[in-house]
Amino acid sequence: MKPSTVKIKETPSRFKHNVPKYKVTRSDACINCGTCANTCPFGVHERLEGHNRVKPPIDYKCIGFECLERNFCCIAKCPRKALTLTYNPMYETLGDYRWTADMITATWIMAETGYPPDRKDLEYNVGNSGGGFDKLRFKFPDNPPEVQRDEISTAIELNRRNDGRANVVISTPVYGGGMSFGSVSLPTMVSKARNASIWNTFTCTGEGGYPEILHPYDNHVITQVATGLFGVREETIQRVRIVEFKYAQGAKPGLGGHLLGEKNTASVARMREAVQGTSLFSPFPFHSVYSIEDHKKHIDWIKEMNPNALVSVKVSTPNDVDMVAVGSFYAGAHIIHIDGGYGGTGAAPDIAKKNIAMPIEYAISKVHNFLVAEGARDAMTLIASGGIRTAHDLAKAICLGADGAVIGTAEMVSLECVRCGNCESGRGCARGIASTDSELADLFNEEWATQRLTNMYHAWNFQLVDILQKFGMKSVKELVGRTDLLEHVDYSK
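Model, not experiment: these values are computed from the prediction.

### Observations concerning a nonpolar patch on the surface
No. 1: Together, Ile8, Tyr115 and Phe462 give the surface a local cluster of nonpolar side chains, amounting to about 230 Å² of exposed area.
No. 2: When you line up the elements, Tyr115 lands in the loop between helix H3 (101–113) and strand S3 (136–138).
No. 3: With relative accessibility at 37%, the residue Tyr115 sits in the partly exposed group.

Here it is as C-alpha cells:
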C-alpha cells in the first residue's frame with residue numbers, strides 16, 4: 001500500500017517540443033472548428049477558451065495508428081480532412097538496445113501521469129538487448145488465489161540482523177542511487193530526496209558530500225563513504241539512518257571515479273574541500289581495505305560513530321561477488337548492495353560498462369543462493385542495481401533473489417533525460433539534470449522534478465502490485481527467490 005503522502009498530479013513535459021513517436025500534421029485546409037480538440041481524449045489538440053485558433057498538435061500524446069480504429073480518431077472526425085498522421089523519423093534516433101525509444105517514452109508518460117501507459121504501440125516492459133531481463137517472462141498461474149489490490153504490501157525491512165539497531169522499513173522495494181553533487185545538480189538531488197521522503201524510502205548522496213539543503217530529509221538520505229572521502233564528516237555520518245560504503249560500482253569496476261575540472265565549480269569545490277577547477281579522482285580500491293578484517297574495521301568505525309545507523313556495502317559484480325557478500329555479512333553489514341554492469345551514466349566509459357562486471361541477473365541468483373547455503377540469507381538484505389529499468393525488471397530481480405533494487409537512470413529519464421551520454425562533457429547535461437552549471441541547473445524547479453519522480457514511482461508501484469495480484473500474493477516478500485515463476489523465452493515450452 002502506498003504511503004498517504006503520495007499524491008498523483010499531472011505534470012507535463014517542460015519542453016514545447018518533445019521527441020514524439022508520431023507526427024500529427026494540420027494542413028492549411030483547417031478552419032479551426034475545434035472538432036479535433038473536442039473529440040481527442042488524449043489531449044493532442046487544444047483550443048483554449050476565448051481563442052479562435054486550435055493550438056499546434058501535441059504529438060507525443062498521440063497513440064498513433066491504433067487510433068484509426070477508434071470512433072474518436074481526429075483524422076476521421078475532421079470535416080476538412082486537414083489532419084494527417086505519420087511516423088516521426090527522429091524517433092529512431094532516441095534510445096538504444098537496452099533503453100529503447102518506447103521505454104524512454106513510457107517512462108516520460110509515467111512521470112507525467114503517475115500510471116503506466118495504456119497504449120498497445122509501446123513495448124516498455126522489455127528492451128531489445130537480446131539477453132538478461134529482456135529474455136525473461138513471468139509465468140502467471142491460470143487461477144491464482146483472489147487478492148484485492150489494497151491487501152497487497154510492497155514494504156520491506158532493511159535490518160534483518162536483530163542487533164538492536166532500528167528496523168528501518170521502506171514502503172516500496174526500491175530507492176534512489178548515489179549521484180553526487182558535482183555529477184548532478186542541486187535541484188536534481190533535492191527532488192530525489194523529497195521524493196524519497198514522500199515514498200518513505202531513500203536516496204543516496206553519492207560521494208560528493210552532503211549539501212545543507214538536504215538536511216530536512218535526513219531520515220531518507222543515505223550518506224555514502226567512498227574512496228575519495230569527499231565531504232565525509234562525522235556529522236554527515238551521524239545525521240542519517242543508513243551509511244553506505246562504496247567499494248566499487250558496476251559501470252566501472254576497478255576504475256574509481258572522475259569529476260572533470262569544468263564541473264568542479266566553486267560550490268562543488270567547497271563541498272568536497274577541494275580546489276575549484278581541478279579534476280577530482282576517487283581512486284580504486286580503498287587502500288585501507290585488503291581483507292575482510294579490514295572491511296570489518298570500516299564497518300565498526302561507522303557503527304561506533306553512529307550507534308543507530310544501518311551499514312550498507314555497495315560492490316560491483318566480479319565472479320566472486322558471492323564470497324564478497326558473505327564476507328560483508330560476517331563483517332557486520334546489514335545490506336549488501338550489488339551493482340551490475342548495465343548501469344552508469346554517460347560519465348562511465350562504454351568499454352567498462354559493457355565488458356567488466358557480471359550482468360546483474362546472474363549476480364543476484366549467485367549471491368542469493370550462496371547466502372542461503374551459508375545460512376546468512378535471513379539476516380542480510382540483498383539490494384540489486386545496474387540495469388533495473390522498469391517495474392518488470394524490478395519484479396524479475398526480486399524473483400531471482402533480491403529483496404529490492406536501487407535505480408538511477410530511470411529517475412533521470414523521468415526528468416526527461418534523453419540518454420545522449422554527455423553527462424561528463426563541458427558544462428554537463430544540456431537538460432540541466434547532470435550539471436553543476438548554475439544556468440543549466442535552473443532549467444527546471446524542484447517542485448516539478450519531485451512530482452515527476454513521485455508519479456514515476458507510483459506507476460512502478462502500480463505495476464508491481466498488478467504482478468503480485470496475478471500471482472495471488474499479499475506481499476512482495478513472497479516473491480523473493482521464486483525463480484520458478486520466471487521462464488526464459490528461448491527455452492520455454
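There is more to say after this.
### Some thoughts on the pairing of strand S9 (residues 242–246)
No. 1: Within S9, five of the five residues are buried, leaving the element largely enclosed by the surrounding structure.
No. 2: Neither face of S9 is open: one carries Ile242, Glu244 and Lys246, the other Val243 and Phe245, and all of them are buried.
No. 3: In the sheet, strand S8 (residues 221–225) pairs with S9 via four bridges, with the strands oriented parallel. Pairing of Ile222 across the sheet is with Ile242, part of S9.
No. 4: Where S9 and strand S12 (residues 310–315) come together, five bridges link them in parallel fashion. Bridging from a neighbouring strand, Lys246 pairs with Lys314 of S12.

### Quick word on the sheet that holds strand S15 (residues 404–407)
Whenever strands of a sheet pair, they do so through backbone hydrogen bonds, lying parallel or antiparallel.
No. 1: One open sheet accounts for eight strands, arranged S6-S15-S14-S13-S12-S9-S8-S7; its pairing is parallel. Every interior strand has two partners, whereas the edge strands, strand S6 (174–176) and strand S7 (203–204), have only one.
No. 2: Taken strand by strand, helix H14 (residues 446–471) contacts S6 and S15, and its axis lies near 160° from that of S6.

### Quick word on unusual backbone geometry
No. 1: Here the phi dihedral of Asn32 falls at roughly 55°; this positive angle occurs in a residue that is not glycine.
No. 2: Of the residues examined, Asn32 reaches a relative accessible area of 14% and is grouped as buried.
No. 3: Its identity as a non-glycine residue notwithstanding, Leu229 has a phi of 55°, on the positive side.
No. 4: Here Leu229 shows up in the loop between S8 and helix H5 (234–238).

### Looking at the packing of H3 against H14
No. 1: With their axes 6 Å apart at the nearest point, H3 and H14 run at an angle of 105° to one another. As the angle between them shows, H3 and H14 are arranged roughly perpendicular. Counting all contacts with H3, which are made through Thr107, Trp108, Met110, Ala111, Glu112 and Thr113, the residues of H14 involved are Gln451, Arg452, Asn455, Met456, Ala459, Trp460 and Gln463.
No. 2: A breakdown of the residues in the contact of H3 with H14 according to their chemical character gives six nonpolar, five polar and two charged.

### Topic: the packing of aromatic side chains
No. 1: This model, assessed by the stated rule, comprises 16 aromatic pairs.
No. 2: Seen from their ring centres, Phe245 and Phe286 are 6.2 Å apart, and the 75° between their planes marks the pair as edge-to-face. Of this pair, Phe245 sits in strand S9 while Phe286 sits in the loop between strand S11 (280–282) and helix H7 (292–305), placing them 41 residues apart in sequence. By the burial criterion, Phe245 is buried, and Phe286 matches it.
No. 3: Clustering of aromatic rings is evident, with ring pairs tying together Phe245, Tyr247, Phe286 and Trp301.
No. 4: Sitting over the face of the ring of Tyr210, Arg239 holds its NZ or CZ atom 5.5 Å from the ring centroid.
No. 5: Against the face of Phe15 rests Arg431, its NZ or CZ located 4.1 Å from the ring centre.

### Concerning the side chain of Glu411
No. 1: Following the sequence through the fold, Glu411 ends up in helix H12 (residues 409–414).
No. 2: According to the relative accessible area criterion, Glu411 is buried, its value standing at 1%.
No. 3: In contact with Glu411, not counting residues within four places along its chain, are Gly176, Gly177, Lys192, Leu453, Met456 and Tyr457.

### A closer look at helix H4 (residues 186–198)
No. 1: Taking 1.5 Å as the rise per residue, H4 with 13 residues should run 18 Å; its terminal C-alpha atoms sit 18 Å apart, in good agreement.
No. 2: Among the residues of H4, Pro187, Thr188, Met189, Val190, Ser191, Lys192, Ala193, Asn195 and Ala196 are the ones counted as buried.
No. 3: In the segment just after H4, Asn200 is the residue with positive phi, at about 50°.

### Thoughts on the pattern of salt bridges
No. 1: Applying the stated criterion across every chain yields a total of 25 salt bridges.
No. 2: A salt bridge links Lys192 to Glu411, with the shortest nitrogen-to-oxygen separation between them at 2.5 Å. Of this pair, Lys192 sits in helix H4 while Glu411 is found in helix H12, placing the two residues 219 residues apart along the sequence.
No. 3: Relative accessible area serves as the criterion here: at 3%, Lys192 is assigned to the buried category.

### A few points about the pairing of strand S14 (residues 381–385)
No. 1: Taking burial as the measure, the five residues of S14 include five buried ones, the bulk of the element.
No. 2: Burial along S14 is two-sided: Thr381, Ile383 and Ser385 facing one way and Leu382 and Ala384 facing the other are all buried.
No. 3: The sheet contact formed by strand S13 (residues 335–339) and S14 spans five bridges and is parallel. Looking at the pairing, Asp339 lines up with Ser385 of S14.
No. 4: Bridge count between S14 and S15: two bridges; the pairing is parallel. Opposite Ile383, over in S15, you have Gly404 as the bridge partner.
No. 5: For the handedness criterion, the β-α-β arrangement of S14, helix H11 (residues 391–400) and S15 is classed as right-handed.

How each quantity is defined
Residues numbered from 1 in each chain as written. Predicted model: local features only at pLDDT ≥ 70, side-chain atom pairs only at ≥ 80, totals over all residues. Heavy atoms only, no water. Patch = residues over 30% accessible without salt bridge, like charges linked within 9 Å, V, L, I, M, F, W, Y side chains within 5 Å. Areas by Shrake-Rupley, 256 points an atom, 1.4 Å probe, with all protein chains shown as cover. Salt bridge = Lys/Arg side-chain N within 4 Å of Asp/Glu carboxyl O. Helix = DSSP H or I, 4+ residues; strand = E, 2+ residues; numbered from the N terminus. Buried < 20%, exposed > 50% of the residue type's maximum accessible area, 1.4 Å probe, protein only. Pairing = 2+ DSSP bridges. Contact = heavy atoms within 4.5 Å. Axes fitted to C-alpha atoms, helices over the stretch in contact; angles between N-to-C directions. Parallel < 35°, antiparallel > 145°, perpendicular 65-115°, else oblique. Nonpolar A, V, L, I, M, F, W, Y, C, P; charged D, E, K, R; others polar. Phe/Tyr/Trp six-rings, centres within 6.5 Å; stacked < 30°, edge-to-face > 60°. Lys NZ or Arg CZ within 6 Å of the ring centre and 35° of its normal. Expected span 1.5 Å × (residues − 1). Right-handed = clockwise from strand over helix to strand, strands pointing away.

Read these as layout, nothing more, since geometry by itself doesn't imply function.
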